[in-house]
Amino acid sequence: MATVITPKKACAVNPLKMSQPIGSALAFMGIKNCMPLFHGSQGCTSFGLVLFVRHFKEAIPLQTTAMSEVATVLGGFENVEQAVLTIASRQKPSIIGISSTGVTETKGDDVEGFIKLIREKHPELDHIALVYVSTPDFKDAFQDGWAKTVTRLIEQLVDPMPLDAERLPNRVNLLPGAHLTPGDIDELRDVLEAFGLEVLVLPDLSGSLDGHIPDDFTPTTLGGISLEEIAGLGRSAHTVAVGEQMRSAAIALEAKTGVPYTLFDRLTGLEPNDRFIGLCAKLSGRPVPLKIRRQRGQLVDAMLDGHFHFGGKKIALGAEPDLLWALSQWATELGAEVKAAVTTTASPLLEHIPAKEVLIGDLEDLEARAAGCDLLMTHSHGRQAAERLKIPFYRIGIPMFDRLGAAHQTIVGYRGTRDLVFEIANLFIANGHEPRPDTWALPKEEGHAGTTAIAAH
Amino acid sequence: MSSLSSKIQDVFNEPGCGKNQGKSEKERKKGCTKQLQPGGAAGGCAFDGAKIALQPVTDVAHLVHGPIACEGNSWDNRGSKSSGSNLWRTGFTTDINETDVVFGGEKRLFNSIKEIIEKYDPPAVFVYQTCVPAMIGDDIEAVCKAASKKFGKPVVPVNSPGFVGPKNLGNKLAGEAILDHVIGTEEPEYTTPYDINIIGEYNLSGELWQVKPLLDELGIRILCCISGDAKYRDLASSHRARAAMMVCSKSMINIARKMEERYGIPFFEGSFYGIGDTSEALREISRLLIERGAPAELMDRTEALIAREEARAWAGIESYKKRLTGKKVLLITGGVKSWSVVAALQEAGMEVVGTSVKKSTKEDKERIKELMGEDAHMIDDMTPREMYRMLKEAKADIMLSGGRSQFVALKAKMPWLDINQERHHAYMGYVGMVELVKEIDKALYNPVWEQVRRRAPWEETTWEDVADSAIAAETAALAADPALAREKRRSTLICNCKSMARGIIEDAIVEHGLTSAEAVSEKTLAGTGCGGCKGKLDKILKTQDHWHPAAGEAAPRSQEAA
């Protein structure tokens, strides 16, 4: 049980947090033929764009309503209208995902109203879905923007179904949190498919940002879940949500279509994956496939081999609530101690994190608490702190701009957990201290028995 | 806000900026506030520009007053290098919340400055304004003044909220901030007749250090580089330099010109990219210093150094020249000035088959023409498929560009080299040019291309086949159907700023019998934004016979009507 603390300082130093709108945009990037659009000044978009380009090393579709000072004061209807028209004629998307920013929220632009007006004025755009999410920069954080967007997509685009509707018994919906990489999503899909289950993922970054070479140049997203598939989510037999942040989305889907859900607060670690595999077996009515049984065995072996190195290790973690939850539980289960935990936004999980305290703070706070730790785990911005503290550093989360393969880092499932155990154990091994003659030197104490005795003569 | 808008006007009237001076009074008033078309593009904002310009000052705390997006999404993302303090890489932001938006964020800003000074004790704090606090009326100048008085340290307001305009405007507003609050506020420990400023150089990838040894050998001291690897004190006492070199023509011209006006520091515009340009720049520095009283023998030493270093660089390039001669390069760049890179590539025996002029000034474009002839294939804005087509048609062997277009090149399985701000290699001076050539050679001859171009054993058609057949089908359709070709021609966007299609312009020319680009601009608004499409307008006018064979008859008719 942890005490959740919000520091009283005025100035955030070395931010851990990123803004809501870019979390929202990332969710839109998991929709097929989509163009995410920020309603704000052009810089808001540019920063998000650069961040994702550096993280995924891919071309990123993201547009702006390019609000000027004057447009901001007068209201942005014309900018939103023009942006939608321009995107409709240039990129021809199936859906435009609009996220607000700090500027337009401060002004109080009624984007829902704008969309109504655009619909009235431009019936020729009827074939393009317009989904709006309110995501002011000065509130909440990245994972909140993601979660709100998924909920909104469900509320607006899923066809409602009666409770007793007929379902496809072999089809499952997967609602991944913002902390799951395309690699994580692929891993879960592999597992579900091994049981003969068909999976629809909302949003599906594994189709759009997994770094594949596309068949043709597209100015919109390269893949992801289609609007038709989203509309039909209600025909699936069950919904699997990963991460506490996805609870409201799973509930919204259940309310609209009657599809029951199971929420996994994490899928890193042995116990939650046992539950997950149990669910897969139950849903499919099939026995657990041999390859999954073997994977479980491998994870158990990895945990046995790895625990020697984790035992007693002190770890400093900086991550958004759901990722922090997964990592802290996992590390504790291997015998490590979470000595410092810093996160970005509120979550019901925070007080249950296995640490003395959890801070909603920044990397300065984490650095101050990470002194003497054996490992720092956070996104790439932790590199300066790790260097100053001279402790091993494992990059995890967004952004990861100074290493390759961010999209494929996989920490879910038996396999993902196994690999993470090895990676971190190897970091500990590599940084183990070789003993030296003075390693076990006696503490220098003034005035212990011997010296006093000698001095007396 | 009134002082900000007068500052913006002041920046627009910059007499040193050829681009602004080329505009009419009315256009100049609109100046660089040209906004991008909603939904049409994405570039940085004025805040981004201001931060880029000043962030390389290494020992200063750079505090961003705004919501988390402005700093949280972007901090520590620049490749500038520091020889000393790394405080500039620490992200400071007020991270304002809903309460601040309602009640004002000035108090939080003041307390943030206080915390920074207590914890980090920097020689100065730079405070960057952003959109939201600007909207709610936070007066950062007043807060900075109060904080400066209270804590006895310079606290510099950089008033450049994102929505006032693009990056380029932010560069200049940042320049104004240091002209107003920093430059000339301290005195250097000592001065020499060999003191210079380098303006507009950010020391990305440590490039400045490829040139500094040359200056060191000549006994020339960089009093201050604005702003790469600068310390606050250097910046504050930079007004005692004897001469200055400006390296990036658009971003900081106001600093160079105003320092000349206020402190009598003459400057020239030069580049350290390319062997010839580097030599020219060194000569010019020496010439200016001698003019200002340095001994004339400096020039002899400069020439000797140039001769020695050029020979060394040529020898370095020689081994690659054989492998690179005749290789075709497609150059798409914004940050690094196109013309200086063109010259450099030609030095290595390569042929530049196309270059972009998106962020180049009119003068830059002229220089490109000078270097490459009238046929220079200039690319303003291209869609990925057009770029692929271009790569194919130009039969380019390698593409050099900024980070964003790399994905097109890589997906097209085309060797690619990063020459924008995000690049990891330094290409300045003599050694830098050898480095660039070495990198091009490495990219071109990497065996990976042969492997990735091979199709998968089960693949009947590759995406290249698909794109090729789409392009061929398009071309065939246009050739077969003149009406379609006409429609295609007429729908081409000529003026991006005003989003004006060619058809509207053609109609205006025919209907009103227009004969000059100015007249076209007046009627259609095309060309009244950045003015970058003036050349295209001229060309449309010149080729009227071609697209409107009846032009000869139409003109007199409209005269009658008039």
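Residues numbered from 1 in each chain as written. Chains lettered and ligands numbered in written order. Predicted model: local features only at pLDDT ≥ 70, side-chain atom pairs only at ≥ 80, totals over all residues. Heavy atoms only, no water.

A. Representation of the interface of chain B and chain A within the structure. With 65 residues of chain B in contact, the opposing surface of chain A contributes 60 residues. Taken together, both faces of the contact between chain B and chain A bury some 5400 Å²; the carbon and sulfur share is 59%. Where chain B packs against chain A, one counts 3 salt bridges. Here Glu364(A) and Lys119(B) are joined by a salt bridge, their closest N and O atoms 2.9 Å apart. Joining chain B to chain A, the criterion identifies 20 residue pairs in polar contact (both at pLDDT 80 or more). In terms of residues, the side of chain B that touches chain A owes the most to one element, helix α7 (residues 106–120) of chain B, which gives 7 residues. Tallied by class, residues from the side of chain B that touches chain A come to 33 nonpolar, 19 polar and 13 charged. (Contact = heavy atoms within 4.5 Å. Buried area = accessible area lost by both parts, 1.4 Å probe. Salt bridge = Lys/Arg side-chain N within 4 Å of Asp/Glu carboxyl O. Polar contact = N/O pair within 3.5 Å; in protein donor to acceptor, adjacent residues only side chain to side chain. Helix = DSSP H or I, 4+ residues; strand = E, 2+ residues; numbered from the N terminus. Nonpolar A, V, L, I, M, F, W, Y, C, P; charged D, E, K, R; others polar.)

B. Focus on the domain arrangement of chain A. All names here are of chain A. Here the domain parsing of chain A yields domain 1 (20–140), domain 2 (168–289) and domain 3 (306–429). Domain 1 and domain 2 are separated by 26 Å when their C-alpha centres are compared. Taken together, the contacts link 19 residues of domain 1 with 17 residues of domain 2. Surface buried jointly by domain 1 and domain 2 totals about 1400 Å² across both partners, of which 71% is contributed by carbon and sulfur atoms. On the domain 1 side of the interface with domain 2, the three residues burying the most area are Gly-30, Ile-31 and Lys-32, jointly 32% of the side's total. Our count for the domain 1 to domain 2 interface comes out at 0 salt bridges. Secondary-structure elements contributing two or more residues to the side of domain 1 that touches domain 2 are α1 (20–28) and β3 (34–39). Of the residues belonging to the side of domain 1 that touches domain 2, the class tally is 13 nonpolar, 4 polar and 2 charged. (Domains from an automatic or database assignment.)

C. Structural detail: helix α14 (residues 321–333) of chain A. All names here are of chain A. The terminal C-alpha atoms of α14, which comprises 13 residues, lie 18 Å apart, in line with the 18 Å expected from a rise of 1.5 Å per residue. With 11 of 13 residues buried, α14 lies mostly within the body of the structure. When α14 is considered as a whole, its buried residues turn out to be Pro-321, Asp-322, Leu-323, Leu-324, Trp-325, Ala-326, Leu-327, Ser-328, Gln-329, Trp-330 and Ala-331. Directly after α14, the chain includes Gly-335, whose backbone phi takes a positive value near 100°. (Expected span 1.5 Å × (residues − 1). Buried < 20%, exposed > 50% of the residue type's maximum accessible area, 1.4 Å probe, protein only.)

D. Region of the structure containing the environment of Gly503(B). All names here are of chain B. Turning to its location among the elements, Gly-503 is positioned in helix α24 (residues 502–512). A residue is classified by how much of its surface remains accessible, and Gly-503, at 5% relative accessible area, is buried. The sequence separation of Gly-503 and Glu-487 amounts to 16 residues, and the corresponding C-alpha distance is 8.1 Å.

E. Quick peek at the pattern of salt bridges. By the definition in use, this model includes 53 salt bridges over all chains. Close ionic contact of Asp362(A) with Lys9(A) constitutes a salt bridge, the shortest N to O distance being 3.0 Å. One end of the pair, Asp362(A), is in the loop between β13 (357–360) and α15 (363–370); the other, Lys9(A), is in the loop between β1 (3–5) and β2 (12–13), and 353 residues separate them in sequence. Here Glu435(B) makes a salt bridge to Lys438(B), at a shortest N to O gap of 3.9 Å. Of the two residues, Glu435(B) and Lys438(B) are both situated in helix α20 (residues 429–444); the distance of 3 residues between them amounts to about one turn of the helix. Residue classification places Glu435(B) among the partly exposed residues on the basis of a relative accessible area of 22%. Residues participating in the shared-partner salt-bridge network are Lys9(A), Asp362(A), Glu364(A), Asp365(A) and Lys119(B).

F. Looking closely at the sheet that holds strand β7 (residues 168–176) of chain A. Residues and elements named next belong to chain A. The strand order across the open sheet built from 4 strands is β8-β7-β9-β10, with neighbouring strands paired in parallel fashion. Looking at the sheet topology across the chains shown, the edges are occupied by β8 (198–201) and β10 (261–264). On average, each strand axis in the sheet is inclined to that of its neighbour by 25°, with strand direction left out of account. Pairing of β7 with β8 involves 4 bridges; the strand directions are parallel. Among the inter-strand pairings, Leu-174 is bridged to a residue of β8, identified as Val-201. Contacting β7, β8 and β9 (236–242), helix α8 (residues 182–194) crosses the sheet at an angle of about 155° to β8. Helix α12 (residues 270–284) rests against β7, β9 and β10 of the sheet, and its axis sits at about 160° to β10. (Pairing = 2+ DSSP bridges. Axes fitted to C-alpha atoms, helices over the stretch in contact; angles between N-to-C directions.)

G. Local environment of the environment of Leu227(A). Residue and element names in this part refer to chain A. Position of Leu-227 relative to the elements: it lies in helix α10 (residues 227–231). Among the residues examined, Leu-227 registers a relative accessible area of 19% and is labelled buried. Once the C-alpha coordinates of Leu-227 and Ile-31 are considered, the two residues, 196 residues apart in sequence, prove to be 7.5 Å apart. Apart from residues lying up to four places away in sequence, Leu-227 is in contact with Ile-31, Ser-94, Ile-95, Ala-129 and Leu-157.

H. Focus on the nonpolar core. Grouped together as the largest cluster of nonpolar side chains are 117 residues, with contacts concentrated most on Leu26(A), Leu202(A), Phe276(A) and Met377(A). If we ignore the near neighbours within four places in the chain, the residues touching Leu202(A) are Ile31(A), Val150(A), Leu153(A), Ile154(A), Leu174(A), Leu175(A), Pro176(A), Ile225(A), Ile230(A) and Leu233(A). Of all hydrophobic cores here, the second largest spans 52 residues; its members include Leu218(B), Leu324(B), Val329(B) and Leu345(B). (Core = buried A, V, L, I, M, F, W, Y, C linked by side-chain atoms within 4.5 Å.)

I. Quick peek at the environment of Trp75(B). Among the structural elements, Trp75(B) can be located in the loop between α5 (68–72) and β2 (92–93). Judged by relative accessible area, Trp75(B) falls into the buried class, the value being 2%. Considered as a pair, Trp75(B) and Thr90(B) are 15 residues apart in the sequence and their alpha carbons are 7.9 Å apart. Leave out the neighbours within four places in its chain, and Trp75(B) touches Asn14(A), Pro15(A), Leu363(A), His381(A), Gln384(A), Arg89(B) and Gly91(B).

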